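Report on the structure
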Amino acid sequence: MLPRRCTQGLCILGILLLAWAVILDDMAVLFAGSTLVAVIVWQYLLFDHQLREIVASIEVRRTLSRNPVRKGTSLQVSSGITFRGSPRMQVEMADLIPATTTLDDGTTTIAARPGPKPRTIECTYRIIPLIHGTHNFSGISINVRNHFFEETILMTRPMDCEPTLTVLPTGLFAAPVSELADGTRDNRKASIWSGLDIHSLREFQSGDDLRHADWKISAKYDKIFIRKYTAPMSYPPLVIVDLPFVGAPFREKEFGRMISEVTGLIQQNIQTFQYVSVLIISGPNILHLIREERNGARCMAEIREWMHPAERTVHFYHMPDRSDIRSYTRNCESALEQATDPGVLAFYESLRNRYLAVLQYQRNPAFSGQVARTLSQILTTEAYFFSLGYGDISHIRHVIRPLKAQKIKVHLRIISTAPMADIDLLENLKKTVGVRP
Amino acid sequence: MTSLAPEYRFFIALAAGTVLATAFLASPVWYLTIVLLVPVLAVLALARTRPDRGFYLMCSGMPLVIASAGMNIWAGLFGACILAGMVVSAAGFIESGEDMVIFALFCSGLFLVALLIELSNHVLSPLIIILGITGLVLAIHSVHNYQFRKHYSGG
């Protein structure tokens, strides 16, 4: 509780009088000083009583123009605050918008005087959510003052922070149209045409479409035969998202961009292929697999839930895998064949022996097996790997290698171009694994 | 006919009480209390629109309270109660019967302070008691205040 200017003056006057009373040993001055102390305490207790009355009577009711809402789009909030109390108090209320939103239009602060009967005041404003996820309002801030005191109280009870604003991520990414080997593009539109080639023939069964009857064969065998068609089928690309480590620095803007791209690709896949598969990892940790999800809203809800920096229980610490070490060993051996200097020879021999020793004891990590088992559940011909590219990225090889082994085309999308990313390692990764960036 | 504002009524009571007390006590410096009523009236009239009117009134009234209490502690008590009433009514805090009850409680507390001072021989002992009680009240209140804030901040 803060004393206002009038009370500050009274406090100073009271202290001066009491000091004067002590110095002069004057009972009359002591009484005058005590009167001031009593007045201040009286007003303090009175203010506190009236403040509690006002705060206890406050009820907040917020209405959102729409919920859920997409990130970056504006929505209107109408807040009704009901309160009552002493009309001697001036009340200023501020509706605190969620921390992850910005005020677009309108004002969130209302000044009013309470009355003995409950009174409702309303404010309407527009906010823009900046980050996806579920966000609560931050509550309300109440500033109460009279001639003597002033107090600000932050009300953040769950009932003061309702309703929960659900913010959906926005899609900003579109995958390029894949091309078949003969140069034609596959038709991704849903069609009533059941196929191009005849897969087999079988006898007519009740309920079969007579338009599929092969009349020539039917006439030959005096039975109705039905053609079973087949057609080339395209699978949606697998989306792999590598979430940043919660304990390491990363750029929020780039993370937001990555989420937008992932969301865009997911939406496009659902529209085109009617389902989507998303593998969410964080370093060498598999967090979640959304497998062949057909419901866009449900998929977005899962994305909203998972798309945050994650804890990593396992770290690789720039660990090369066995094939890398074999490659290093081969490089050493070729260098040994060309070297003539005894010092250089000794160096490469020592290095090769070290690599061989490492190779002898190093086994494939559990993560590789987990990735292989996870990928075996999914039918796909393309995969998009999204990563910020910060810190250790050696786990990316362990994901890309099994994909390449299954002849799945991999698109590696490293979002970061900042110095925080290990650019050399990334370039090396792209060259070694042979992925198209 | 416009009714008199509560602070002016308090001033009339203060002036009447001071004159009567001065006459009754037959103080050799009787003119002092009468003269000290003038600044109170002047501030009351001139500081009507000022936001810190209460502070100015208290500053102008304190010499009167000291002079009255110098004559007799009970005359000082009367002056202090009426002055406090004038200050809070100028802030609009004495309007209803409930406010008068609270004001009466304040006057009772001030009476106890006056009684304590009357019974004491030196300044130090009543000062320690008054400040001790004030400190205790504020300490208890600060605990309640903390619990109150914690409840409303969702803690």
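Note that the structure is a prediction, hence the values are computed from the model and not measured. (Residues numbered from 1 in each chain as written. Chains lettered and ligands numbered in written order. Predicted model: local features only at pLDDT ≥ 70, side-chain atom pairs only at ≥ 80, totals over all residues. Heavy atoms only, no water.)

Residues and elements named next belong to chain B. Here helix α4 (residues 73-90) contains 18 residues, and its C-alpha end-to-end distance of 25 Å stays within 8% of the 26 Å for a straight helix at 1.5 Å per residue. By the N-cap criterion, in which a side-chain oxygen at the helix start approaches the backbone nitrogen of a residue two or three places on, α4 is capped by Asn72, the distance to Trp74 being 2.7 Å. One or two positions beyond α4, positive phi appears at Gly92, with a value near 80°. (Helix = DSSP H or I, 4+ residues; strand = E, 2+ residues; numbered from the N terminus. Expected span 1.5 Å × (residues − 1). Polar contact = N/O pair within 3.5 Å; in protein donor to acceptor, adjacent residues only side chain to side chain.)

As a further point, take helix α1 (residues 6-25) of chain B. Each turn of an α-helix holds 3.6 residues, which means side chains three or four residues apart point in the same direction. Residues and elements named next belong to chain B. Here α1 contains 20 residues, and its C-alpha end-to-end distance of 28 Å stays within 8% of the 28 Å for a straight helix at 1.5 Å per residue. Looking only at α1, the buried set comprises Glu7, Phe10, Phe11, Leu14, Ala15, Gly17, Thr18, Ala21 and Thr22. Among the structural elements, α2 (30-46), α3 (53-71), α4 and α5 (97-119) are those in contact with the buried residues of α1. Ala26 sits one or two positions beyond α1 and adopts a positive phi of about 50°. (Buried < 20%, exposed > 50% of the residue type's maximum accessible area, 1.4 Å probe, protein only. Contact = heavy atoms within 4.5 Å.)

Take the interface of chain A and chain B next. By a widespread convention, an interface's size corresponds to the accessible area lost as its parts come together. Facing the 47 residues of chain A at the interface are 52 residues of chain B. Where chain A abuts chain B, roughly 4,200 Å² becomes buried across the two surfaces, and 75% of that area is made up of carbon and sulfur atoms. On the chain A side of the interface with chain B, the three residues burying the most area are A:Phe31, A:Trp42 and A:Arg88, jointly 18% of the side's total. Counting across the interface, chain A meets chain B through three salt bridges. Ionic pairing is found between B:Arg149 and A:Glu151, a salt bridge with its closest N-O pair at 2.8 Å. At the surface where chain A touches chain B, the tally comes to 11 residue pairs in polar contact (both at pLDDT 80 or more). Contributing elements (two or more residues each) for the side of chain A that touches chain B: α1 (5-24), α2 (27-57) and β11 (149-155) of chain A. If you tally residues by element for the side of chain A that touches chain B, the top one is α2(A), at 23 residues. When its residues are assigned to classes, the side of chain A that touches chain B shows 30 nonpolar, eight polar and nine charged. (Buried area = accessible area lost by both parts, 1.4 Å probe. Salt bridge = Lys/Arg side-chain N within 4 Å of Asp/Glu carboxyl O. Nonpolar A, V, L, I, M, F, W, Y, C, P; charged D, E, K, R; others polar.)

Scanning all chains against the criterion turns up 17 aromatic pairs over all chains. Relative to A:Phe255, the ring of A:Phe250 has its centre 5.5 Å away and its plane inclined at 70°; by these criteria the two rings are edge-to-face. Taken together, a centroid distance of 6.5 Å and an interplanar angle of 25° make the contact between A:Tyr384 and A:Phe386 stacked. Relative accessible area serves as the criterion here: at 2%, A:Tyr384 is assigned to the buried category. Note on A:Phe386: relative accessible area 0%, which makes it buried. Among the aromatic residues, those joined into a ring-pair cluster are A:Trp42, B:Phe10, B:Phe103 and B:Phe106. Above the plane of the ring of B:Phe148 lies A:Arg52, whose end atom (NZ or CZ) is 4.7 Å from the centre. (Phe/Tyr/Trp six-rings, centres within 6.5 Å; stacked < 30°, edge-to-face > 60°. Lys NZ or Arg CZ within 6 Å of the ring centre and 35° of its normal.)

Confidence in the prediction for chain B averages 88 pLDDT; 97% of positions are at 70 or higher. The ipTM assigned to the predicted complex is 0.91, against a pTM of 0.59. (pLDDT = per-residue confidence, 0-100.)

Turning our attention to the sheet that holds strand β10 (residues 139-145) of chain A. All names here are of chain A. The five strands lie next to each other as β1-β11-β10-β5-β7, forming an open sheet whose pairing is antiparallel. Of all the strands in the sheet, just β1 (2-3) and β7 (109-112) have a single pairing partner and so form its edges. As paired strands, β1 and β11 are joined by two bridges and run antiparallel to one another. Paired with Leu2 across the bridge in β11 is Glu150. (Pairing = 2+ DSSP bridges.)

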